[in-house]
Amino acid sequence: MSKPLIRNATVFLVFVQLAVLPAAWAQVGPGTQWTKDGYGYMRAQDDEIVQLDARDPSKKTVLISRQLLTPQGQTAPLKVRRFAFADDGKKVLLNTNTKKVWRYDTRGDYWVFDLGSQKLTQLGKGRPESSLMFAKFSPDGSKVAYVSEHNLYVETLADNRIIPLTTDGTNRLINGTFDWVYEEELDCRDGFRWAPDGQKLAYWQLDATKTRNYLMLNTTDQLYPFTIPVEYPVVGEDPSRCRVGVVPVTGGATKWMDVPGDAVQHYIPRMEWAGNDELILQQLNRRQNESKLMLCTAGTGAVKPIFSETDKAWVDAKDGAVGWNWIEGGKRFVWSSEKDGWRHLYAVDRKGKEQLLTKGDYDAISLESIDEKGGQIYFMASPTNATQTYLYRVPLKGGKAERVTPQNLAGSHSYDISPNGKLALHTYSSASTPSVSDVVSLPAHQRLSGDAPAQTQNRKLAKVEFFQVKTADGVTLDGWMVKPTNFDPSKKYPIVFYVYGEPASQTVTDRAGTGSNRLYLGNMADDGYIYASLENRGAPAPRGREFRKAIYHNIGKLNIRDQAMGAKEVLKNAFVDTSRVAVWGWSGGGSSTLNLMFQYPQIYKTGISVAAVDNQLNYDNIYQERYMGLLPEDKHFFVDNSPLAHAKNLRGNLLLVHGTGDDNVHYNNAEQMINELVRQGKVFQLMSYPNRTHSISEGEGTSRHLAATYTKFLKENCPPGGR
């Protein structure tokens, strides 16, 4: 449940910055391929690879033409999904014909284009079509390493000789990539790294042979139903055994790192090279409340712990699954921690000695860039408004943070900062301002090129009002509301609450798309609905550790009470019709919807729950155990706070929606809820979508049908309009 783009129906702006780190482009998307001087970048555009000047995008140079991208004997150019240049700039790695592995299309074919000889060569000849993953040039550009069918290979570009580095890979013994749950909950996909000297590779191996299959049932694509197995460790089931090894690029035995502890009862979510013969990795214990950083000697496997952190709730994995933020030539690195009650950046040396860089009562939301030459660290923060995000900088030696984003641009910002630290690709929006993309200088933040705000104003945005409420428990919650068009304060209107409620996503954010609802056919405001959302404790808002981690052991209880008590304050407005109160959400928001309907039926009269976890014991171990604890000692938290435990209290109108092919929140959740509601004699409505995944988007007409179902149910059970 860690992907808000799937579960959250509010429009999100995603600004992927992957190419600043050499290996990161293969992790999810193409990212930005910066030129060495940091003033230009490359893109796949109109079936060509072009170079653009960031200061003046009209200055375009074609690096690889459509003709050169057309393989010999073919008439059409390659459809380039991702590409990366070798460090010397003489070769380009092209990723095409990609296929999804769960959420992202990380399988495909790879080609190399040599800019000198103008030759285009396919890699992995003899391997199955679209089976190559995470291909990366060696540091000297003479080789490419990749994963195929859970084994690791190196291919020499001079003669295209393929050297298998592992041969034991199977569907369950996974080399160089990860199992379902590591990908979903720890963002781990790309599972190997070139050594700086190009002589060896470090890689993860996961042994999922003891992980039980969840069998999804396909009843429509063939005459006879068949099962689709997914290795899926639910709460209480052991994780895959995880270890890290180093193998020579010429082949041979793997040297496994001697990481202490039980290789099953831990996670290794992050690993990178720390020198030619040294690795650094993060280890989390099974409960995920203890994090250890370790230096490993590649040649011997010896391991030395250098830094540890504990929390009474949980400790997060390092933000960013690829790359390590080294400074001072590898003597220190930048690390984030919540140890003083706020998420701050620290400089940590190889002996574990730390220095606080971002001092103050605010959260450093994310590290954006380190400009060592300029002596600055750029990071995102919003000290006074948790619904917004801004760029700040602080000296590398530590000190007072300075806001870089201009004060007059209130809202949400994202930045892709060039390697020279002098400019950034910048995206800005707010609930009242459509998204604007431009190029700005740093640190002056002067606009160099890009969209002018006036050019984007033809898009109609909802009129969102932000507010705060203080609940009966003394908790202040952020919220937003969209009132009906032609609002008349003397009338009473129905209200629809949009909820998520769990630690993976915010709903109250000041950005374009907030206040819109893609599942509603038409315009909610025009039809006479109030649309609103509240941000409960436990959401990943920049309001300090206590706000975020109060939800530990309490998913389904504390977040639900916050929502209900906040709604009570909103319902005190005279223009709200308390007899017409609806709530809806997706995934974790679907679970919250059910718990609100069941635990507070006097408030919520209508609910639409999409792809919900109805029983927390059904969900995967990494996510649910992180926030709720371990079995058997903590089982009562899972059971008592699941919607299933409260189904007997349903009084209002309920629509359950679920895809039967959901590999994330499995359909058995819906079926267990159906059984319990039937047992309790509760009448409800159900819409199942055969073979659709967690996004319920596959198949012709699916998205529109879901929206039509949602809209019809809402209008029938929570009629629109003022009275």
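Predicted model only: the values in this text are computed from it and were never measured.

Definitions and cut-offs
Residues numbered from 1 in each chain as written. Predicted model: local features only at pLDDT ≥ 70, side-chain atom pairs only at ≥ 80, totals over all residues. Heavy atoms only, no water. Phe/Tyr/Trp six-rings, centres within 6.5 Å; stacked < 30°, edge-to-face > 60°. Helix = DSSP H or I, 4+ residues; strand = E, 2+ residues; numbered from the N terminus. Buried < 20%, exposed > 50% of the residue type's maximum accessible area, 1.4 Å probe, protein only. Lys NZ or Arg CZ within 6 Å of the ring centre and 35° of its normal. UniProt positions renumbered as here; feature names shortened; annotations may be inferred. Pairing = 2+ DSSP bridges. Contact = heavy atoms within 4.5 Å. Disulfide = S-S within 2.5 Å. Domains from an automatic or database assignment. Buried area = accessible area lost by both parts, 1.4 Å probe. Salt bridge = Lys/Arg side-chain N within 4 Å of Asp/Glu carboxyl O. Right-handed = clockwise from strand over helix to strand, strands pointing away. Expected span 1.5 Å × (residues − 1). Axes fitted to C-alpha atoms, helices over the stretch in contact; angles between N-to-C directions.

## Description of the packing of aromatic side chains
Counted under the stated rule, the structure contains 26 aromatic pairs. Consider the rings of Y498 and W584, whose centres lie 5.0 Å apart with planes at 40 degrees: the pair is tilted. Remark: W584 occurs in strand β40 (residues 576–586) and Y498 occurs in strand β38 (residues 493–498); sequence separation between them is 86 residues. Pair check on accessibility: Y498 and W584 agree, each one buried. Taking the centre distance of 5.9 Å and the plane angle of 85 degrees together, the rings of Y520 and Y529 count as edge-to-face. On the basis of relative accessibility, which here comes to 4%, the residue Y520 falls in the buried class. Taking the ring centre of Y390 as reference, the NZ or CZ of R403 above it sits at 3.6 Å.

## Examining unusual backbone geometry
For the bond running from L442 to P443, omega is 5 degrees, close enough to zero to count as cis. Relative to the assigned elements, P443 resides in the loop between β34 (433–441) and β35 (447–450). With an omega dihedral of 5 degrees, the bond running from L631 to P632 counts as a cis peptide bond. You can see P632 is positioned in the loop between α7 (621–628) and α8 (635–640). Within the chain, S130 stands out as a residue other than glycine whose phi angle is a positive 55 degrees. Among the structural elements, S130 can be located in the loop between β8 (119–122) and β9 (132–137). For S130, a relative accessible area of 2% gives the class buried.

## What about the UniProt feature "domain: Dipeptidylpeptidase IV N-terminal" (unreviewed entry) in the chain?
The positions UniProt marks with the feature "domain: Dipeptidylpeptidase IV N-terminal" (unreviewed entry) are residues 87–434. Measuring from the first to the last C-alpha atom of residues 87–434 gives 37 Å, for a span that is 2% helix and 50% strand.

## Brief notes about the sheet that holds strand β31 (residues 402–403)
Read from one edge to the other, the open sheet built from four strands follows the order β28-β29-β30-β31, with strand pairing classed as antiparallel. Unpaired on one side and paired on the other, β28 (364–371) and β31 mark the two borders of the sheet. Bridge count between strand β30 (residues 390–395) and β31: two bridges; the pairing is antiparallel. The residue bridging Y392 from the neighbouring strand is R403, located in β31.

## Looking at the environment of A424
As for its placement among the helices and strands, A424 is situated in strand β33 (residues 423–430). For A424, a relative accessible area of 0% translates into the label buried. When the C-alpha positions of A424 and W256 are compared, they lie 40 Å apart, and in sequence the two are 168 residues distant. Ignoring anything within four residues of it in the chain, the contact list for A424 reads Y415, D416, I417, D438, V439, V440 and L442.

## Structural notes on the state of the cysteines
Overall, the coordinates contain zero disulfides when judged by the stated rule. This cysteine, C242, is not joined by any disulfide, and C188 carries the nearest cysteine sulfur, 8.2 Å off. Take C242: its relative accessible area is 1%, and that puts it in the buried class.

## Re the domain arrangement of the chain
Along its sequence, the chain is organised into domain 1 (23–164), domain 2 (177–324), domain 3 (354–447) and domain 4 (464–717). Its C-alpha centre places domain 3 at a distance of 32 Å from the equivalent point of domain 4. With 14 residues of domain 3 at the interface, the matching set in domain 4 holds 14 residues. A buried area of about 1000 Å², summed over both sides, lies between domain 3 and domain 4, and 52% of it is on carbon and sulfur atoms. Where domain 3 meets domain 4, there are one salt bridge. For the salt bridge of R548 with D363, the shortest nitrogen-to-oxygen distance reads 2.8 Å.

## Side note on the pairing of strand β42 (residues 653–659)
For β42, the buried fraction is high: six of the seven residues fall into the buried class. In the sheet, strand β41 (residues 606–610) pairs with β42 via five bridges, with the strands oriented parallel. Residue pairing across strands places G607 opposite L654, the latter belonging to β42. Note: β42 against strand β43 (residues 685–689), five bridges, orientation parallel. When the sheet's bridge partners are listed, G659 is paired in β43 with Y689. The parallel pair β42 and β43 is bridged by helix α9 (residues 668–679), and the resulting crossover is right-handed.

## Quick word on helix α10 (residues 702–717)
Look at α10: 23 Å from first C-alpha to last across 16 residues, which is about the 22 Å you get at 1.5 Å a residue. For α10, the full list of buried residues reads T702, L706, A707, T709, Y710, T711, F713 and L714. Contacts made by the buried residues of α10 are with β38, α3 (524–527), β40, β41, β42 and β43.

## Remarks on the pairing of strand β37 (residues 476–482)
Buried residues dominate β37, accounting for six of its seven residues. Count of turn residues in the strand β36 (residues 464–470)/β37 antiparallel hairpin: five residues, of which G474 carries a positive phi of about 80 degrees. The pairing of β37 with strand β39 (residues 530–535) spans five bridges and is classified as antiparallel. Counterpart to M481 in the pairing with β39 is A532.

## Concerning the sheet that holds β39
Spatially, eight strands are ordered β36-β37-β39-β38-β40-β41-β42-β43 in an open sheet, and the strand pairing comes out mixed. The sheet is open, and its two borders are formed by β36 and β43, each paired with just one other strand. Pairs of neighbouring strands in the sheet enclose a mean axial angle of 20 degrees, with direction left out of account. Docked against the sheet, helix α6 (residues 588–599) engages β40, β41 and β42, running at close to 145 degrees with respect to β40.

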